[in-house]
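Take a look at the letters that make up each chain.
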Amino acid sequence: MNITLTDILPNANTGLSQIGFFFGAGSSYTAGYPLTSQLTIDVLKKLLPEQIKLIEKILETESITLNIVEGSPDIEILSDKINKAKASGGYVGVDSLIESIRKHIVDIINEVKKPNLEYHIKFFKGLKKLMSHRNESVWIFTTNYDLVFELAASIAKIPIYNGFEGIAQRFFDIERIELTYGKINSNRRFEPFNEPCIKLVKLHGSTSWIKTEENIIENFSSENKENKCMILPQRTKVTETLEAPYDKLFRYAASVIGRQCKYIVSCGYSYRDEHINDILFVPKLRSNSLRVFALSKDETPEIIKLKEFSCFNYLVNDKLYFNGKETIDSYNQWEFKNFVELFC
């Protein structure tokens with residue numbers, strides 16, 4: 001069975017309102033950024049010997065062995081264990097370890113000097129074509145820290161709003177994500193620009209976000225490496241989601257998903273983040289207020305678990321689960337570049 005854009009987005013031919021996209025690490029891999037496994041290896045190689053010993057000590061309590069060469073366990077599980085150790089107390093240097101991991105992730109992302117934006121630009125241009133210059137907005141939710149969507153949107157000339165406002169240095173205000181831009185016409189009335197736009201919700205923060213004593217700001221200078229506002233990759237409940245600005249971002253996402261945003265297509269996301277599933281997906285799937293089509297390389301245990309909901313469909317490398325029926329075949333639309341071709 002061949003999958004079309006209409007299968008994934010039933011109302012694609014009549015507009016893209018009520019549509020959202022959820023992108024994970026796989027969507028940035030096309031641009032040159034590492035997947036979780038390689039990111040783990042790269043981060044571990046940058047840590048100091050005493051920090052590696054601390055990780056080994058933490059993992060030892062749960063009979064887990066650290067393998068730096070293979071990047072096992074991966075950075076998501078490591079973050080879970082390290083934060084759990086921090087909460088339990090008794091580990092000297094754990095706060096410094098967490099900050100070192102955060103800084104090394106930023107360094108690794110910044111080492112990609114010229115990301116390949118070809119397919120991200122094609123994605124936005126494809127969206128603009130489908131939206132036919134209508135004054136519509138679509139949501140992009142992502143756990144990625146990099147700036148590929150911001151950069152590609154500027155080249156494709158599609159406005160993107162992420163809750164920050166300003167020029168050289170931008171301040172955070174979640175209500176700004178709902179801004180509508182336009183002009184005062186000759187009759188002195190506000191006239192919105194007749195163009196589509198993107199509402200970008202970066203649930204885990206960004207390499208461009210910085211925490212100050214009083215505010216959260218956005219600054220695109222790669223030289224500023226301190227106080228980055230980023231939640232480390234984690235699978236289980238993340239307490240940082242209760243803090244600014246993540247609390248407002250999660251509340252905003254939860255308020256629009258299932259109401260204004262009734263159709264979500266995910267790509268490059270494996271649904272391993274339990275806190276995201278529990279807050280954003282499961283309640284809306286249970287109430288049948290949301291339809292999800294997941295494109296992922298592998299059929300993870302979390303994806304299998306979501307099969308219990310009739311509005312959850314998915315495609316992996318060897319299987320299509322669509323409207324409650326399984327088709328065993330070879331599929332490649334889980335790769336971001338092939339997913340984008342559906343829009344062209």
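Structure: above.
All values derive from a computational prediction rather than experimental measurement. (Residues numbered from 1 in each chain as written. Predicted model: local features only at pLDDT ≥ 70, side-chain atom pairs only at ≥ 80, totals over all residues. Heavy atoms only, no water.)

J.: Quick one: what's the story with the pattern of salt bridges, residue by residue and with numbers?
T.: What the rule picks out here adds up to 17 salt bridges. A salt bridge links Arg272 to Asp74, with the shortest nitrogen-to-oxygen separation between them at 3.2 Å. Residue Arg272 is found in the loop between β12 (263–267) and α10 (274–286), and its partner Asp74 is found in the loop between α4 (49–60) and α5 (75–88); the two are separated by 198 residues along the sequence. Accessibility classification places Arg272 together with Asp74 in one group, the buried group. The salt bridge partner of Glu299 is Lys319, with a shortest N-O separation of 3.0 Å. (Salt bridge = Lys/Arg side-chain N within 4 Å of Asp/Glu carboxyl O. Helix = DSSP H or I, 4+ residues; strand = E, 2+ residues; numbered from the N terminus. Buried < 20%, exposed > 50% of the residue type's maximum accessible area, 1.4 Å probe, protein only.)

J.: Any details on the packing of helix α3 (residues 36–46) against α5? Residues and values, ideally.
T.: The N-to-C vectors of α3 and α5 enclose an angle of 55°; their axes lie 8 Å apart at closest approach. Considering the angle they form, α3 stands oblique to α5. Every residue of α5 that contacts α3 at Thr36, Leu39, Thr40, Val43 and Leu44 is listed here: Ile75, Glu76 and Leu78. (Axes fitted to C-alpha atoms, helices over the stretch in contact; angles between N-to-C directions. Parallel < 35°, antiparallel > 145°, perpendicular 65-115°, else oblique. Contact = heavy atoms within 4.5 Å.)

J.: Describe the sheet that holds strand β1 (residues 19–23), listing the residues and the values that go with them.
T.: In space, the nine strands of this open sheet follow the order β3-β8-β2-β1-β12-β13-β14-β15-β16, with mixed pairing throughout. The sheet is open, and its two borders are formed by β3 (160–161) and β16 (325–328), each paired with just one other strand. Sheet analysis places strand β13 (residues 291–295) next to strand β14 (residues 312–316), joined by four bridges and oriented parallel. Considered in β14, the bridge of Phe293 is made with Asn313. Its contacts with the sheet put helix α7 (residues 118–131) on β1, β2 (137–142) and β8 (197–202), and the angle it makes with β2 is roughly 150°. (Pairing = 2+ DSSP bridges.)

J.: Give a detailed account of helix α9 (residues 246–256), specifying residues and quantitative values.
T.: Along α9, the positions that sit buried rather than exposed are Tyr246, Asp247, Leu249, Phe250, Tyr252, Ala253 and Val256. Packing partners of the buried residues in α9 comprise β2, β5 (170–172), β8, β9 (205–211), β11 (228–230) and α10. Two residues or fewer after α9 comes Gly258, characterised by a positive phi angle close to 90°.

J.: Requested: an account of the pairing of strand β15 (residues 319–322), with residues and values cited.
T.: Both faces of β15 are covered, namely the face carrying Lys319 and Tyr321 and the face carrying Leu320 and Phe322. The pairing of β14 with β15 spans three bridges and is classified as antiparallel. When the sheet's bridge partners are listed, Leu315 is paired in β15 with Leu320. Counting the residues that bridge the hairpin from β14 to β15 gives two residues. In this sheet, β16 lies alongside β15 in antiparallel orientation, the contact comprising four bridges. Across the sheet, the residue bridging to Leu320 is Thr327, located in β16.

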